[in-house]
Structure formats: C-alpha cells, structure tokens
Amino acid sequence: MAEYGLTIAISSQAISMVFLGILGFFLKRLVTQVDTMEYKAAKVRLAVDREIASVREDVVRLEANSDNYSASLIEVKAKLDALSENIQWIREKLAGKS
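Conventions used here
- Residues numbered from 1 in each chain as written.
- Predicted model: local features only at pLDDT ≥ 70, side-chain atom pairs only at ≥ 80, totals over all residues.
- Heavy atoms only, no water.
- Helix = DSSP H or I, 4+ residues; strand = E, 2+ residues; numbered from the N terminus.
- Buried < 20%, exposed > 50% of the residue type's maximum accessible area, 1.4 Å probe, protein only.
- Areas by Shrake-Rupley, 256 points an atom, 1.4 Å probe, with all protein chains shown as cover.
- Phe/Tyr/Trp six-rings, centres within 6.5 Å; stacked < 30°, edge-to-face > 60°.
- Salt bridge = Lys/Arg side-chain N within 4 Å of Asp/Glu carboxyl O.

A. Focus on the overall build of the chain. Of regular secondary structure, the chain possesses 1 helix and 0 strands. Every one of the 98 residues in the chain was classed for burial, and the buried ones make up 0%. Taken as a whole, the chain presents about 9,300 Å² of accessible surface, with 66% of it coming from carbon and sulfur.

Right, here's the structure in full:
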C-alpha cells in the first residue's frame, strides 16, 4: 500500500511539474508578445513624433512665408499708391496744358 501512496505522490508531483512547464511556456510566449508589442508601439510613437515635428516645421515655414507675403503686399500697395499719385499729377499737368 505504501507503494501506491508513493506512486500517487510521484504522479501528483509529475503532473504538477508538467503543468508548471506548460504554464511557464505560455507565460514566456506572452512576455515575448508583450515585448514585441511594446517595440512596435515605440516604433509607432517615434514615427508619430517625426510627423508632428515635420508638421511643426511646415507651420513655422508657412508662418514665415505669410509674413514675407504680407510685407511684399504692403510694398506693392505702397508702390501702387505712389503710381496712382503720379498718374493723378500727370493728369493734372495735362489738364492744365489743354
């Protein structure tokens, strides 16, 4: 009868070892998958950060261009105003000669 008790104890221990081995295998796979997902998430975060930086650069460039265009338009308006004054002066001179 002692043999059966020892056999049951060994069998119970063997079953526990097999169960722990299977559990360890799946835990290792889960950890590997989590590590892979974290790596992929880090790559995505890096790509998103790069895109955000690129968009920020575009915004800065567009703002600078906008300022340049505004300054150019002010210059063009001043030149058109001066030209209009010159045309008016010429008209007045021509009207005086007639």
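So that's the structure; there's more coming.
B. Examining the packing of aromatic side chains more closely. Overall, the coordinates contain 1 aromatic pair when judged by the stated rule. Geometrically, the ring pair formed by Phe-25 and Phe-26 is edge-to-face, given 5.3 Å between the ring centres and 70° between the ring planes. Given the relative accessible area of 47%, Phe-25 is considered partly exposed.

C. Looking closely at the pattern of salt bridges. Across all of its chains, the model carries 2 salt bridges by this definition. The partner of Arg-61 in a salt bridge is Asp-58, and the shortest N-O contact between them spans 2.4 Å. Taken together, the positions of Arg-61 and Asp-58, both in helix H1 (residues 2-97) and 3 residues apart, correspond to about one turn of that helix. Owing to a relative accessible area of 46%, Arg-61 belongs among the partly exposed residues under this scheme. For Lys-77, the salt bridge identified is with Asp-81, shortest N-O distance 3.1 Å. Linking Lys-77 with Asp-81, this pair stays in helix H1, spanning 4 residues, or about one helical turn. For Lys-77, a relative accessible area of 51% gives the class exposed. Residue Asp-81 is classed as partly exposed on the basis of its relative accessible area, which comes to 37%.

Remember that the coordinates give geometry; whether it matters functionally is a separate question.
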